[in-house]
Amino acid sequence: MEREAPRLPSSLNLLSPGVKPMSRSLVLGKSKLYWKNVFEGYAFISLWIVGFVVFTAGALLGSFSISLTKWNIVGTPEFIGLENYQKMLEDEFFWQSLKVTIIFLLNVPLNLALGLFLAMLLNQKIRLIGFFRTLFYLPSVTAGVAVSLLWMWIFNPRFGVINVMLKGIGIKGPAWLGSETWALPALIVMSVWGVGGGMLIYLGALQGIPTTFYEAATLDGANAFQKFRRITVPMITPVLLLNLIMGIIGSFQVFTQAFIMTNGGPNYATLFYVLYLYQNAFQWFNMGYASALAWVLFLVILAFTFLILRTSSSWVYYEGG
């Protein structure tokens, strides 16, 4: 007699022997538990959501609407469309502030290189290494006004530390902050004061590199420079990308140094973009034009960030990728 072909089991019978199908009440119970967890999660972050909507998203939308008006804060806004944006094309101070800020971006590679150099020095196993790490990191968390006042003394043409040292070797130092030529380079030099923040991030990345890579390279006869080029740099490229983006964003937002030390002078040589924005908003009460400047700054930073991220795939190495 021909045997009957076995029937395919239904989906409910695919469970292991002894395991009963999930009941309807259990499914509903799990669903209720899921939504309860979702509700609790959103309840925990509700304050952040409210803060974001009111103080970030709301402020963004509000500033854009103000950028389409002529408003002196105390009066009634007058809608003028895109006139504020058109005005920038003919505003020489807008172009000067943008030029100064872009030149200031030279501090970014300077801080990247110096931060990595310090991190490699402080990645050694020596006595008091914790003290030296703290010593180099502390300046990066010092208040901006205090730092500006300190560097005003350092750059003083008569009794400043730099000019006194230059005088000791027979060189007459420049006026620094009082010189149209030297004011911006002085602020670029001053920017290395906060290199400790990037240094700390580099230090964490360096300590995350497996030592077996260096041991294998040593067995292959690689020297220190080859290890740095072939192992260290590729392994910390994600951190390089982070510090590069944060450095560019920070450079476009420079305000305190210029406001305290030079107020945009001499002869607008240090008229940074955010300082010019501040002057329009709170000195001349051109709030509509200042809001338009803020949106242009946002778009410029967005463009730089997008360009860097778009090209990062060709030089950033991700270990899990």
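Details of the structure are given in the entry above.
Rules used throughout
Residues numbered from 1 in each chain as written. Predicted model: local features only at pLDDT ≥ 70, side-chain atom pairs only at ≥ 80, totals over all residues. Heavy atoms only, no water. Helix = DSSP H or I, 4+ residues; strand = E, 2+ residues; numbered from the N terminus. Rg over C-alpha atoms; globule rule 2.2 N^0.38 Å. Buried < 20%, exposed > 50% of the residue type's maximum accessible area, 1.4 Å probe, protein only. Contact = heavy atoms within 4.5 Å. Areas by Shrake-Rupley, 256 points an atom, 1.4 Å probe, with all protein chains shown as cover. Phe/Tyr/Trp six-rings, centres within 6.5 Å; stacked < 30°, edge-to-face > 60°. Lys NZ or Arg CZ within 6 Å of the ring centre and 35° of its normal. Axes fitted to C-alpha atoms, helices over the stretch in contact; angles between N-to-C directions. Parallel < 35°, antiparallel > 145°, perpendicular 65-115°, else oblique. Nonpolar A, V, L, I, M, F, W, Y, C, P; charged D, E, K, R; others polar. Core = buried A, V, L, I, M, F, W, Y, C linked by side-chain atoms within 4.5 Å. Left-handed = near helix turned anticlockwise from the far one by under 90°. Expected span 1.5 Å × (residues − 1). Arc of directions from axis to C-beta. Polar contact = N/O pair within 3.5 Å; in protein donor to acceptor, adjacent residues only side chain to side chain. Patch = residues over 30% accessible without salt bridge, like charges linked within 9 Å, V, L, I, M, F, W, Y side chains within 5 Å. Salt bridge = Lys/Arg side-chain N within 4 Å of Asp/Glu carboxyl O.

Participant: Tell me about the overall build of the protein chain, residues and numbers included.
Facilitator: Counting secondary structure elements, the protein chain contains 16 helices and two strands. What you see for the protein chain is a C-alpha radius of gyration of 29 Å, clearly larger than the 20 Å of a compact globule of 321 residues, by over 25%. The buried share of the protein chain, reckoned over its 321 residues, is 32%. Summarising the internal contacts of the protein chain: among those between residues at least 6 apart in sequence, 65% fall at separations of at least 24. Split by element, the accessible area of the protein chain, about 21200 Å² in all, is 68% carbon and sulfur.

Participant: Just give me the short version of the packing of aromatic side chains, but keep the residues and values in it.
Facilitator: This model, assessed by the stated rule, comprises 20 aromatic pairs. For the ring pair Phe94 and Tyr273, a centre distance of 5.9 Å and an interplane angle of 70° mean the geometry is edge-to-face. With Phe94 in helix 4 (residues 92-104) and Tyr273 in helix 15 (residues 273-283), this residue pair connects regions lying 179 residues apart in the sequence. Here the aromatic residues Trp151, Phe155, Trp176, Trp182 and Trp193 are joined through ring pairs into a cluster of three or more. A cation over an aromatic ring shows up here: Lys87 above the ring of Tyr289, its NZ or CZ 4.3 Å from the ring centre.

Participant: Please set out the packing of helix 12 (residues 224-235) against helix 13 (residues 237-252) residue by residue, giving values where relevant.
Facilitator: Relative to each other, helix 12 and helix 13 sit at 55°, their axes nearing to 5 Å. When the axes of helix 12 and helix 13 are compared, the pair comes out oblique. Every residue of helix 13 that contacts helix 12 at Val233, Pro234 and Met235 is listed here: Thr237, Pro238 and Leu240. A breakdown of the residues in the contact of helix 12 with helix 13 according to their chemical character gives five nonpolar, one polar and no charged.

Participant: Which residues make up unusual backbone geometry, and what values do they have?
Facilitator: Between Gly265 and Pro266 the backbone carries a cis peptide bond, its omega angle lying at -10°. Here Pro266 shows up in the loop between helix 14 (256-261) and helix 15. Look at Trp176: it is not a glycine, yet its phi comes out positive at around 55°. Mapped onto the secondary structure, Trp176 falls in the loop between helix 8 (161-168) and helix 9 (183-190). Overall, the relative accessible area of 11% leaves Trp176 in the buried class.

Participant: Break down the nonpolar core for me, with residues and values.
Facilitator: Residues Phe94, Phe155, Tyr202, Ile236, Phe272, Tyr273 and Leu293 are the most contacted members of the largest nonpolar core, which totals 62 residues. The greatest single-element share of this core, amounting to nine residues, is contributed by helix 16 (residues 287-311).

Participant: A description of the packing of helix 4 against helix 9 should follow, citing residues and the corresponding values.
Facilitator: Viewed as axis vectors pointing N to C, helix 4 and helix 9 meet at an angle of 40°, and their least axial separation amounts to 10 Å. One finds that helix 4 runs oblique with respect to helix 9. Helix 4 and helix 9 meet at a crossing whose hand is right-handed. Counted together, Val100, Ile103 and Phe104 of helix 4 and Leu184, Leu187 and Ile188 of helix 9 form the full contact between these two elements. Here the residues of the contact of helix 4 with helix 9 are counted per class, giving six nonpolar, no polar and no charged.

Participant: Describe helix 12, with residues and values.
Facilitator: Given a rise of 1.5 Å per residue, 12 residues ought to cover 16 Å, and the 15 Å separating the end C-alpha atoms of helix 12 matches this to within 8%. For helix 12, the complete set of buried residues consists of Lys227, Ile231, Thr232 and Met235. Taken down its axis, helix 12 places every buried residue within 85° of arc, on the same side. In helix 12, the exposed residues that point more than 90 degrees away from the buried face are Phe225 and Arg230. Check the buried side of helix 12 and you find it contacts helix 10 (195-207), helix 11 (211-219) and helix 13. Residue Asn223 occupies the N-cap position of helix 12, its side-chain oxygen lying 3.2 Å from the main-chain nitrogen of Phe225.

Participant: Outline the side chain of Ser63, supporting the account with residue identities and numerical values.
Facilitator: Looking at the secondary structure, you find Ser63 in helix 2 (residues 46-67). Ser63 sits in the buried class, given a relative accessible area of 18%. Polar contacts involving the side chain of Ser63 include one to the main-chain carbonyl oxygen of Leu60, which spans 2.8 Å. Non-local contacts of Ser63, meaning those with residues more than four positions away in its chain, are made with Ser291 and Trp295.

Participant: Explain a nonpolar patch on the surface to me, using residue names and the numbers behind them.
Facilitator: Together, Tyr42, Phe44, Ile45, Trp48, Val50, Phe52, Val53, Val54 and Phe55 line one region of the surface with nonpolar side chains, adding up to about 1100 Å² of accessible area. Looking at the nonpolar patch, the elements that each hand over two or more residues are helix 1 (24-44) and helix 2. Looking at the nonpolar patch, the element that brings in the most residues is helix 2, giving six residues. Looking at where Val50 falls in the secondary structure, it is placed in helix 2.

Any link to function would need more than the numbers given here.
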